[in-house]
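Chain by chain, the residues:
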Amino acid sequence: MTSVPIHSPVAGVIVELLVEDGSTVQPGKAVLKIKVGAGGAPKKAEAAAKPPQETAPKATPPSKPAAEVPSKPPPPPSRPSAPMSSTPVGSVKPIAQAEDTGFGLGTRKENRVKMNRMRLRIAQRLKDAQNTYAMLTTFNEIDMSNVIEMRNAHKDAFLKRHNLKLGFMSAFVKASAYALTDQPIVNAVIDDQEVLYRDYVDISVAVATPKGLVVPVIRNVENMSYADIEKTISGLGEKARSGSLAIEDMDGGTFTISNGGVFGSMFGTPIINPPQSAILGMHAIIERPVVINHKIEIRPMMYVCLTYDHRLVDGREAVTFLRKIKAVVEDPRIMFLEI
């Protein structure tokens, strides 16, 4: 709704408002009555408003009787005042403002598109998580030098043996499973007034699709090898992109990993995936100067973060958990030696 002035085509006095001040009127509706002139034969003229848009005209009623209104000079020749007759106010078009041809102006169009059911469901779950959990995030950084060296050294043999590319996600999934076993409270969840512990690790891996974010689940990760994890991730990712994921593929999960680094994210705080208690955020690998053995070196570094439910997980446990992931990713031998 807009409010625009309506200019009277004749000189006179407003004697009656036909609509309430501040209300919305439709084009063609009479909005007021005008007493034309000051001293001639009184005639009432209904003014029909035809503004270009819905308008809310504001007219000020006269503070003095019509007889006290001083005579006004006759209107210009383009608007003859005799004979005195009613003229629709709306027939006079408002003066258009000069077109602004300034730099950067576009069409300024708007387009409404209904949200799909998946997007609505994601929005509901994320907002429910914010309203329910006492979310807190802790951060750390991982030196990816050893993982990159291992991948470069064995990627060809891995591809030949398993017909799959060796990625970084399997290292983080396996490290998370090891850390969850070491800190079982992060793998647990609040159930009413009880804490539900699990002796298994099912990790949800966030996958972006054209329709939205989905989180298929890799089950019993604690018993899987790097190759098993890569095969499962590849299969679930293919199903997600083709839209053939079943409800069973996304049901459950005790922990989630979100890899914003594939899109170039350097830093961020993910939201917990209900009804889990924590989520790991991975970010982009960026070469940065770091201090190694009292010397400044350029290393491929990744920021990682853990958002956790502070109602269940204490800060000490959360920090210990994230440091365990850091240690295992930087040196997988810690996991194999169970130290």
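Predicted model only: the values in this text are computed from it and were never measured.

About the criteria used
- Residues numbered from 1 in each chain as written.
- Predicted model: local features only at pLDDT ≥ 70, side-chain atom pairs only at ≥ 80, totals over all residues.
- Heavy atoms only, no water.
- Helix = DSSP H or I, 4+ residues; strand = E, 2+ residues; numbered from the N terminus.
- Buried < 20%, exposed > 50% of the residue type's maximum accessible area, 1.4 Å probe, protein only.
- Contact = heavy atoms within 4.5 Å.
- Areas by Shrake-Rupley, 256 points an atom, 1.4 Å probe, with all protein chains shown as cover.
- pLDDT = per-residue confidence, 0-100.
- Core = buried A, V, L, I, M, F, W, Y, C linked by side-chain atoms within 4.5 Å.
- Salt bridge = Lys/Arg side-chain N within 4 Å of Asp/Glu carboxyl O.
- Pairing = 2+ DSSP bridges.
- Expected span 1.5 Å × (residues − 1).
- Polar contact = N/O pair within 3.5 Å; in protein donor to acceptor, adjacent residues only side chain to side chain.

A. Main features of the overall build of the chain. Looking only at helices and strands, the chain has seven helices and 13 strands in total. Counting only residues that meet the buried cut, the chain has 37% of its 339 residues in that class. Of the contacts made within the chain by residues no fewer than 6 positions apart, 62% connect residues no fewer than 24 positions apart. Summing over all exposed atoms, the chain offers an accessible surface of approximately 21,300 Å²; the carbon and sulfur share of this is 53%.

B. Up close: the confidence of the model for the chain. With 78% of its residues at a pLDDT of 70 or more, the chain has an overall mean of 82. Counted against residues more than four places away or in other chains, residues 79-87, with its pLDDT under 50, gives eleven contacts. Taken together, the stretch residues 89-93 has pLDDT below 50 and engages in 13 contacts with residues farther than four places along the chain or on a different chain.

C. Quick look at the nonpolar core. Ranked by internal contacts, the top residues of the largest apolar core, which has 47 residues, are F172, I203, V221 and F255. Of all the secondary-structure elements, those providing two or more residues to this core are α3 (169-182), β7 (203-205), α4 (226-242), β11 (255-259), β12 (278-292), β13 (295-309), α6 (315-330) and α7 (333-337). When residues of this core are assigned to their parent elements, the largest contribution, nine residues, is made by α3. If near-sequence neighbours (up to four positions away) are discounted, F255 is found in contact with S176, L180, V186, D202, I203, S204, Q276, A278, I279, L280, L306 and F321. Formed by five residues, the second largest nonpolar core is a distinct cluster that contains V19, V25, V31 and L32.

D. Fine view of the pattern of salt bridges. Tallied over the full model, the rule gives ten salt bridges. Between D143 and R299 there is a salt bridge; the shortest N-O distance is 2.6 Å. In this pair, D143 sits in strand β4 (residues 135-143) while R299 sits in strand β13, placing the two residues 156 residues apart along the sequence. Judged by relative accessible area, which is 12%, D143 ranks as buried. In this structure, D331 engages R333 in a salt bridge whose closest nitrogen and oxygen atoms are separated by 2.8 Å.

E. Representation of the environment of P184 within the structure. Position of P184 relative to the elements: it lies in the loop between α3 and β5 (189-191). In this structure the C-alpha to C-alpha distance between P184 and E317, which are 133 residues apart in sequence, comes to 9.5 Å.

F. Quick look at the sheet that holds β7. Spatially, the six strands line up as an open sheet ordered β4-β13-β12-β11-β7-β10, and their pairing is mixed. Two strands lie at the open edges of the sheet, namely β4 and β10 (217-218), each paired on one side alone.

G. Molecular detail of the side chain of Q183. Looking at where Q183 falls in the secondary structure, it is placed in the loop between α3 and β5. Apart from residues no more than four positions distant in its own chain, Q183 is found in contact with E317, T320 and F321.

H. Seen up close, α6. In a regular helix each residue adds 1.5 Å, so 16 residues correspond to 22 Å; α6 covers 22 Å between its end C-alpha atoms and thus fits that length. Where α6 is concerned, the buried positions are E317, A318, F321, L322, K324, I325, V328, V329 and E330.

I. The arrangement of the pairing of β12 in detail. Note that β11 and β12 share four bridges and pair parallel. By the bridge assignment for β12, T256 is matched with I279.

J. Highlighting unusual backbone geometry. With an omega of 0°, the peptide bond running from P274 to P275 counts as cis. Tracing the backbone shows P275 in the loop between β11 and β12. With a phi close to 55°, R108 is a non-glycine residue in the positive phi region. Along the chain, R108 falls in the loop between β3 (44-49) and α1 (117-132). Assessed through its relative accessible area of 75%, R108 is described here as exposed. One non-glycine residue, H294, lies in positive phi territory at about 65°. Within the fold, H294 resides in the loop between β12 and β13. What makes H294 exposed here is its relative accessible area of 83%.

K. Here's a closer look at the side chain of T307. Within the fold, T307 resides in strand β13. For T307, a relative accessible area of 2% gives the class buried. Only 2.9 Å separates the side chain of T307 from the backbone oxygen of P270, close enough to count as a polar contact. In this structure, T307 is in contact with M135, L136, T137, T269, P270, I272, S277, A278 and I279, ignoring residues within four places of it in sequence.

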